[in-house]
Amino acid sequence: PVQRDPIELTNIRWLLHREHLSARFGVTKLAIVNDFQAAALGAINEPYEHLKVLNPVTPDDGPIVVAGAGTGLGMAWLASRDQHELPQATEGGHMDFAPNGADQLALYRALAGRFGHVSYERLLSGDGLLDTYRHIAGDSARAGTPADIATLADRSDHAAVEALRRFVAVFAAYAGNLALAFNPGGGIYLCGGL
């Protein structure tokens, strides 16, 4: 949430002060928005030919949802494309993770044992991908970053490939839940560093 001052970012320990930012950049009117409010505006203004379309349909003027995995799992939504109002920021990444199948249940139990609450962000983030990989690889884990996991997967490392497969399966289920919750006739946009 960006209503308070100072604003403390959740996954990066930065403090933002409206007055300091206004003075530094010489602006008289400053609007600070949630990162996924900005991502949503960027997504809907991206030319269609620049998008990788996973489910080709003709979007209507219904709601639009934008979700992305990176440092955390962000999500915002818009009632329509008209942009008369800012997208609505949410903390949808913190919804409870619902495991689907024995592999996801075992991962859930391992994460619940370490952290207590297991949200979708706990899996759909850089740290979440690392935790999934380490859960699968056990003592033979060699990756220290999500980029390392991608490199190992390119080399057909079983644990890395399986971690990415599970990441995609959980992200797909999360996007499916967003589709059920929002009926996003205007589309679901997936973005983020991962």
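1. Topic: the packing of helix H3 (residues 102–115) against helix H5 (residues 126–137)
Look at H3 against H5: their axes get within 11 Å of each other, and the N-to-C directions meet at 115°. Compared by their axis directions, H3 and H5 come out roughly perpendicular. Relative to H5, the crossing made by H3 is right-handed. Within the contact between the two elements, H3 uses Ala106, Leu107, Ala110, Leu111, Arg114 and Phe115 and H5 uses Asp131, Thr132 and His135. Per-class residue counts for the contact of H3 with H5 are five nonpolar, two polar and two charged.

2. A closer look at the sheet that holds strand E4 (residues 73–78)
If you trace the four strands from one edge of the open sheet to the other, you get E5-E4-E3-E6, paired in mixed fashion. Of all strands in the sheet, those bounded by a partner on one side alone are strand E5 (88–89) and strand E6 (187–191). On the sheet, helix H7 (residues 158–182) packs against strand E3 (64–69), E4 and E6 and is oriented at approximately 160° with respect to E3.

3. Concerning the layout of surface pockets
Over the atoms rolls a probe the size of a water molecule, and in doing so it shows where empty space is left. Here the largest pocket is characterised by a volume of approximately 880 Å³. Lining the largest pocket are 24 residues, and of these Leu54, Asn55, Gly187, Ile188 and Tyr189 sit closest to its centre. Breaking the lining of the largest pocket down by element, the ones donating at least two residues are helix H2 (35–45), H7 and E6. Take the lining of the largest pocket: its biggest share by element is five residues, from E6. When grouped by side-chain class, the residues that make up the lining of the largest pocket number 15 nonpolar, six polar and three charged.

4. Details of the pattern of salt bridges
The full count for this structure, using the stated rule, is eight salt bridges. With its nearest N and O atoms 2.3 Å apart, the salt bridge here joins Arg165 to Glu162. Of the two residues, Arg165 and Glu162 both sit in helix H7, three residues apart, roughly one turn of that helix. Judged by relative accessible area, Arg165 falls into the partly exposed class, the value being 44%. Note on Glu162: relative accessible area 12%, which makes it buried.

The rules we used
Residues numbered from 1 in each chain as written. Predicted model: local features only at pLDDT ≥ 70, side-chain atom pairs only at ≥ 80, totals over all residues. Heavy atoms only, no water. Axes fitted to C-alpha atoms, helices over the stretch in contact; angles between N-to-C directions. Helix = DSSP H or I, 4+ residues; strand = E, 2+ residues; numbered from the N terminus. Parallel < 35°, antiparallel > 145°, perpendicular 65-115°, else oblique. Left-handed = near helix turned anticlockwise from the far one by under 90°. Contact = heavy atoms within 4.5 Å. Nonpolar A, V, L, I, M, F, W, Y, C, P; charged D, E, K, R; others polar. Pairing = 2+ DSSP bridges. 1 Å grid on protein atoms, 1.4 Å probe; cavity = no way out; pocket = protein on both sides within 12 Å on 5 of 7 lines; lining within 4 Å. Points joined across faces, edges and corners; volume = space filled by probe spheres on them. Salt bridge = Lys/Arg side-chain N within 4 Å of Asp/Glu carboxyl O. Buried < 20%, exposed > 50% of the residue type's maximum accessible area, 1.4 Å probe, protein only.

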